[in-house]
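Chain by chain, the residues run as shown.
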Amino acid sequence: MKHIVVLTGAGISAESGLKTFRDSDGLWEGYDIEEVATPQAWRRNPALVQEFYNMRRKSVLEAKPNLAHSALAELEGKYKVTVITQNIDDLHERAGSTNVLHLHGIITRSQSSLNPNLTYPIDGWELKMGEKCELGSQLRAHVVWFGEAVPMIEDAALVCAKADLFILVGSSLAVYPAAGLVNYVPWKVPKYIVDPNIPYLPSDFIKIEEKATIGVPKLISELLNE
Ligand code: APR
């Protein structure tokens, strides 16, 4: 069975109402990354960081998967599919994808602030100050902050190296190490990108310059009819 590897970024969830980071109305425009998404920020003002991610979690729980998420789930009828996502939402899973690797964590889970391997489901949108892990440390969102290691990157690179076909959707490729994953896909493998504003790419991609809900279903229906 052909193995299709899909790398997604914030753009795939934009039409579900979740803001991207670097578009003109992007999430980071209203926030200083250093104030909310770094270990230093957590040390300085944990309540502010907790509140920021509580708001993100609330938006995620209110959002619904869109046609791009569900088209990717349909691919599993004919192909082996691995979705590698930089997104911390759970929209791929809710659309029905069964093999999703979350490079930057997932906001519906909490994480020990002492040991990142201890993660737990969160009931509802709010993670409160005072809620502790089994080691007695404050629980934080299970997301990878700037300046933290990306534990899943090696697994993701191995998956990319084995792809028979590669699809990139909605990422500016501005953040490493995630952006470097495209370099692990062998050169002869067909590569597609769906993005209304195609970023600089290091190798030969077939460019579909459309929004995810238009471009992804179109590409997927071609692949399903092959
Ligand atoms: N459909 C497809 N792509 C879209 C759409 C859409 N409707 N709207 C915007 N895009 C594209 C933009 O053109 C851009 O290329 O999505 C991309 C969004 O880029 P970023 O905001 O930089 O998001 P992403 O690449 O996922 O960011 C990577 O940065 O802040 C961190 O940890 C965060 O995982 C995130 C990482």
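Higher on the page you've got the structure.
Keep in mind that this is a model prediction, so the values were computed, not measured.

**Q** How do you make sense of the layout of surface pockets when you look at a structure like this?
**A** The gaps left among the atoms become clear once a water-sized probe is rolled over them. Counted as a void, the second largest pocket has a volume near 450 Å³. Lining the second largest pocket are 26 residues, with Q111, P116, H142, V144 and P151 sitting closest to its centre. Those elements that provide at least two residues to the lining of the second largest pocket are α3 (39-44), β4 (105-112) and β6 (139-143). With five residues, β4 is the single largest residue contributor to the lining of the second largest pocket. A breakdown of the residues in the lining of the second largest pocket according to their chemical character gives twelve nonpolar, ten polar and four charged. Looking at which domains feed residues into the lining of the second largest pocket, each of domain 1 (1-18 + 65-104 + 150-226) and domain 2 (20-62 + 110-143) supplies at least three.

**Q** What am I meant to see in the packing of aromatic side chains here?
**A** Two descriptors summarise a pair of aromatic rings, namely the distance from one centre to the other and the angle between the planes of the rings. Within the structure shown, the criterion is met by five aromatic pairs. Taking the centre distance of 5.8 Å and the plane angle of 40° together, the rings of W42 and W145 count as tilted. Residue W42 is located in helix α3, and its partner W145 is located in the loop between β6 and α7 (153-161); the two are separated by 103 residues in the primary sequence. Just as W42 is buried, W145 falls in that class too. Ring pairs connect the aromatic residues Y31, W42, F52, Y53 and W145, which therefore count as one cluster. Just above the ring of W125 sits the side chain of K58; from NZ or CZ to the centre is 5.5 Å. Taking NZ or CZ as reference, R140 lies 3.5 Å from the ring centre of W145, over its face.

**Q** Just to check I follow, could you spell out the site of the ligand for this structure?
**A** As a matter of local geometry, the ligand sits amid 22 residues, with F21, R22, S171, S172 and D195 nearest to it. Within the contact set of the ligand, an oxygen atom lies 2.8 Å away from a backbone nitrogen or oxygen of A10. Residues belonging to the shell around the ligand are distributed by class as follows: eight nonpolar, nine polar and five charged. Domain assignment of the residues forming the shell around the ligand places at least three in each of domain 1 (1-18 + 65-104 + 150-226) and domain 2 (20-62 + 110-143).

**Q** In this structure, what is going on with the side chain of D89? I would like to understand it.
**A** For D89, the position within the fold is in the loop between β2 (80-85) and α6 (91-95). In this structure D89 is buried but unpaired, with R94 as the nearest side chain of opposite charge at 6.9 Å. A polar contact of 2.7 Å, which involves the side chain of D89, links it to the side chain of S13. At 3.0 Å, the side chain of D89 and the backbone nitrogen of L91 are in polar contact. Aside from chain neighbours lying at most four places away, what touches D89 is S13, L18, V60, H102 and I106.

**Q** Sorry, what's going on with the sheet that holds β4 here?
**A** Either a parallel or an antiparallel arrangement is found when strands of a sheet pair, and the pairing is made through backbone hydrogen bonds. Within the open sheet, the three strands sit side by side as β5-β4-β6. Their pairing is antiparallel. On the outer flanks of this sheet lie β5 (119-121) and β6, each paired with one strand and no other. Here the average twist between neighbouring strands, direction ignored, is 50°. Where β4 meets β6, four bridges bridge the pair, whose relative direction is antiparallel. Paired with S110 across the strands is A141, a residue of β6.

**Q** Explanation requested: the pairing of β2 in the structure shown.
**A** Along any regular strand the residues' side chains alternate between the sheet's two faces. β2 sits mainly inside the fold: five of its six residues count as buried. Of the strand pairs in this sheet, strand β1 (residues 3-8) and β2 are connected by six bridges, and their pairing is parallel. Along β2, the bridge assignment pairs L7 with I84. As judged from the three bridges shared by β2 and strand β3 (residues 100-102), these two strands associate in the parallel manner. Residue pairing for β3: V83 is matched across the bridge by V100.

Reading the values: the criteria
Throughout, a residue's number is its position along its own chain's written sequence, starting from 1. Predicted model: local features are reported for residues with pLDDT of at least 70 only, side-chain atom pairs are reported and counted for 80 or more only, and whole-chain, interface and lining totals are derived from all residues. With hydrogens and water excluded, all non-hydrogen atoms of the structure serve as input to the side-chain values. Within this scheme a cavity is a closed region of a 1 Å grid, computed over the protein atoms alone, that accommodates a 1.4 Å probe without allowing it to escape, whereas a pocket is open but has protein on both sides within 12 Å along at least five of seven lines; lining residues each have an atom within 4 Å of a point. Grid points are joined across faces, edges and corners, and a volume is the space filled by probe spheres set on the points. Under the scheme used here, helices are H or I runs from DSSP no shorter than 4 residues and strands are E runs no shorter than 2 residues, and both carry numbers assigned from the N terminus. When residues are sorted by character, Ala, Val, Leu, Ile, Met, Phe, Trp, Tyr, Cys and Pro go into the nonpolar class, Asp, Glu, Lys and Arg into the charged class, and all the rest, Gly among them, into the polar class. All domain edges in this entry derive from an automatic or database-based domain assignment. Centre distance within 6.5 Å is the pairing criterion for rings of Phe, Tyr and Trp, where only the six-membered ring of Trp is used; planes under 30 degrees apart are then read as stacked, over 60 as edge-to-face, and the remainder as tilted. The rule is simple: take the accessible area with a 1.4 Å probe, protein chains only, and divide by the maximum for that residue type; under 20% is buried, over 50% is exposed, in between is partly exposed. A ring is scored as having a charge over it whenever the NZ atom of a lysine or the CZ atom of an arginine sits within 6 Å of its centre and within 35 degrees of its normal. Whether a residue is near a molecule or strand depends on its heavy atoms: if one lies within 4 Å, it is near. Whenever a nitrogen or oxygen atom comes within 3.5 Å of another N or O atom, the pair is scored as a polar contact, on the condition that within protein one atom can donate a hydrogen and the other can accept it, and that pairs from neighbouring residues in sequence are kept only if both atoms are in side chains. Two residue types count as positive, namely Lys and Arg, and two as negative, namely Asp and Glu; His and chain ends fall outside the count. Take a side-chain nitrogen of Lys or Arg and a carboxyl oxygen of Asp or Glu: if they are within 4 Å of each other, that pair is a salt bridge. Note on definitions: a residue-residue contact is assigned when non-hydrogen atoms from the two residues lie within 4.5 Å. At least two bridges found by DSSP between two strands is the condition for calling them paired. For helices, the fitted axis covers only the stretch in contact; all axes are lines through C-alpha atoms, and the angles between them, taken along N-to-C directions, range from 0 to 180 degrees.

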